[in-house]
Amino acid sequence: MLRSYSNRLISVRKVTQQNRGRYTPGVDKVVIKTATARGKLVDKIANYSPWKSLPARRVYIPKASAKQRPLGIQVIHDRAIQAMVKNALEPEWETIFERSSYGFRPGRSPHDAIASIYNLARPNKLKKWVIDADIRGCFDNISHDFLLELLTSFPARELIKQWLKAGYIEEGTWHPTDAGTPQGSVVSPLLANIALHGMESALGVKYSKKGTITSKRALVRFADDFVVFCESKEDAENAVKILKDWMKPRGLTLSEEKTKIIHLNEGFDFLGFNVRHYKNSTSKTGLKLLIKPSKKSVSNIRSHLRTEWRNCKGIPIDAVIKKLNPIIRGEANYLRIGVSSEIFSSLDHWLYEKQKRYVKHTHRNKSDKWRKDKYWGRLNLDRPNDNWVFGNKKTGAHMLKFAWFPIKRHILVQGKSSPDDPNLKDYWRKREEAKAESELVKSRQKIAHRQKYVCPICGDSLFNGEELHLHHKKPKSQGGGDNYGNLQLVHLYCHQQIHSGTVSSP
């Protein structure tokens, strides 16, 4: 893999075309934007020298807690090599990673972690005490020596050592890094998972042959966020002591202020959801488990949308809709696996008030009836009975509603299943089909199904993280229509290749 030409191509594509920070330069101020430059980078990383790794550029981004999170931005050359190393290292560790780990792993997501918690927290289960844990500065404090010891047999170990020890530049001054993996680097999440591997064994978590938990403790971990389920408060206190001792050689400590032992009757927040037992007279146990969007996550959604609305003053309604719809779709798809109907209804009402304010600001001298007739109506053809859809009646563009996303339970990934396992191709294909149903509108679901969820240009899965575009095989300018036979779903850059003449549409 480290010598693979295909790996080089995939790695350069990832860091220069797919990653969100592809146009953010490192200390050398170099970014790659053209096909020629990408080709040169592919040739350049064929021969790398470990001692030439450059320090990261330190930047800060705001956290939800109003604090700032430090990020290390590597130069594009190092990012490409890191992607190569990650592609070589990850499959080996995927075969041994614990099944309770869901963060930054192929085929796994926060939804799997929440689905696992649902199975553990049901009222008929015995584990009702939860350690809501927080590792103090996990990414900043992981021991380099401990991590490198785990990678002794890996051929690119010295490369990883160089990245860990390269330091960072802040305000023109170089600072050494004696511990931690730089947040923002391509390989950092994988290294953190490697360092935290073994937590399940330390807690004594055991499974039967069928995959059910047979021990008195259970773990659900998403990167450095995790919860431990126990049968008693005393056992939870013992588990905290075990975790503290287990983390010492890794250079890590639990935050005394943020690590709490909580009963499920009190509830806890995890990955944007609140998990809690509520009294229920109709159930056998007298309790009911509800996993709802947390107050904090709903507040963050409103804050995000409020900021975007403020930036929309004076711009055309089609542009407003184009700007806000991806946010609404993304948040709704994430939260729809929980008990979210009531929250979705309140968010739609809140959005309606924002829509009224936008229209009133745009047309100060018009009556309420005039504004209603111009901007609200039956604009969603899939919902002919909804008279209050906000949009542009001339173009048909309309704003989404949270309530249009029905609640849909997520199916937990099976055991230690990995997309790298060739024997599980059918299993992962079916999961991709389910992903299409949840993430795509109905019309695009049909197109994806016709294509068997594969991009016809590159042959890769439609859901590899790239933006999807709708392509007309026969252009509209040549008489092509919007019928299904003339439409294809392709990746953004595959679409660009078609129109540049690099490849032809099949």
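Bear in mind the structure is a predicted one, so any value in this text is a computation, not a measurement.

**Student:** Got a minute to help me understand the overall build of the protein chain in this structure?
**Tutor:** Each helix and strand in the protein chain was counted, giving 17 helices and 15 strands. Against the globule reference of 23 Å for 506 residues, the protein chain gives a C-alpha radius of gyration of 25 Å, in line with a compact fold. Dimensions along the principal axes, computed over C-alpha positions, put the protein chain at roughly 70 × 70 × 50 Å. Out of the 506 residues in the protein chain, the part that is buried amounts to 45%. Taking as baseline every contact in the protein chain between residues at least 6 positions apart, the subset at least 24 positions apart corresponds to 64%. Carbon and sulfur atoms make up 50% of the accessible area of the protein chain, which totals about 27000 Å². Seen as two clouds, the 89 positive and the 50 negative side-chain charges of the protein chain have centres 6 Å apart.

**Student:** What is the right way to look at the domain arrangement of the protein chain in this model?
**Tutor:** By convention, interface size is frequently given as the accessible area that disappears when the constituent parts associate. What the domain assignment reports for the protein chain is domain 1 (5–263), domain 2 (295–404) and domain 3 (424–500). Each of domain 1 and domain 3 has a C-alpha centre, and these two points are 31 Å apart. Residue-level contacts link six residues of domain 1 with five residues of domain 3. Between domain 1 and domain 3 lies a buried interface of about 550 Å² when both sides are counted; carbon and sulfur atoms form 38% of it.

**Student:** Is there a simple way to think about the sheet that holds strand β5 (residues 173–175) in this case?
**Tutor:** Strand order in this open sheet of four strands is β2-β1-β4-β5, and the pairing throughout is mixed. Edge strands, defined here as strands with exactly one partner in the open sheet, are β2 (68–73) and β5. The average angle at which neighbouring strand axes cross in this sheet is 45°, direction not considered. In the sheet, strand β1 (residues 56–62) pairs with β2 via six bridges, with the strands oriented antiparallel.

**Student:** I'm lost on the packing of aromatic side chains in this one. Help?
**Tutor:** What describes a pair of aromatic rings is the distance from one ring centre to the other and the angle between the planes of the rings. All told, the structure shown has 13 aromatic pairs when counted by the stated rule. With a centroid separation of 5.5 Å and an interplanar angle of 35°, the aromatic rings of F273 and Y334 are classed as tilted. You can see F273 sitting in strand β10 (residues 273–279) and its partner Y334 sitting in helix α12 (residues 317–335), a full 61 residues away along the chain. A residue is classified by how much of its surface remains accessible, and Y334, at 24% relative accessible area, is partly exposed. Taking the centre distance of 6.4 Å and the plane angle of 90° together, the rings of Y358 and F390 count as edge-to-face. On the criterion of sequence distance, the pair formed by Y358 in helix α13 (residues 341–362) and F390 in strand β13 (residues 389–390) is long-range, its members being 32 residues apart. The exposure classification of Y358 matches that of F390, with both residues buried.

**Student:** Is there a simple way to explain empty space enclosed by the protein in this structure?
**Tutor:** Over the atoms, a rolling probe the size of a water molecule traces out where space has been left empty. This model, assessed by the stated rule, comprises one cavity of 30 Å³ or more. A volume near 30 Å³ is recorded for the largest cavity. Surrounding the largest cavity, L54, P55, A56, Q74, W163, A166 and G167 form its lining. For the lining of the largest cavity, the residue count by class is five nonpolar, two polar and no charged.

Cut-off values and rules
- Residues numbered from 1 in each chain as written.
- Predicted model: local features only at pLDDT ≥ 70, side-chain atom pairs only at ≥ 80, totals over all residues.
- Heavy atoms only, no water.
- Helix = DSSP H or I, 4+ residues; strand = E, 2+ residues; numbered from the N terminus.
- Rg over C-alpha atoms; globule rule 2.2 N^0.38 Å.
- Buried < 20%, exposed > 50% of the residue type's maximum accessible area, 1.4 Å probe, protein only.
- Contact = heavy atoms within 4.5 Å.
- Areas by Shrake-Rupley, 256 points an atom, 1.4 Å probe, with all protein chains shown as cover.
- Lys, Arg positive; Asp, Glu negative; His and termini not counted.
- Charge placed at Lys NZ, Arg CZ, Asp CG, Glu CD.
- Domains from an automatic or database assignment.
- Buried area = accessible area lost by both parts, 1.4 Å probe.
- Pairing = 2+ DSSP bridges.
- Axes fitted to C-alpha atoms, helices over the stretch in contact; angles between N-to-C directions.
- Phe/Tyr/Trp six-rings, centres within 6.5 Å; stacked < 30°, edge-to-face > 60°.
- 1 Å grid on protein atoms, 1.4 Å probe; cavity = no way out; pocket = protein on both sides within 12 Å on 5 of 7 lines; lining within 4 Å.
- Points joined across faces, edges and corners; volume = space filled by probe spheres on them.
- Nonpolar A, V, L, I, M, F, W, Y, C, P; charged D, E, K, R; others polar.

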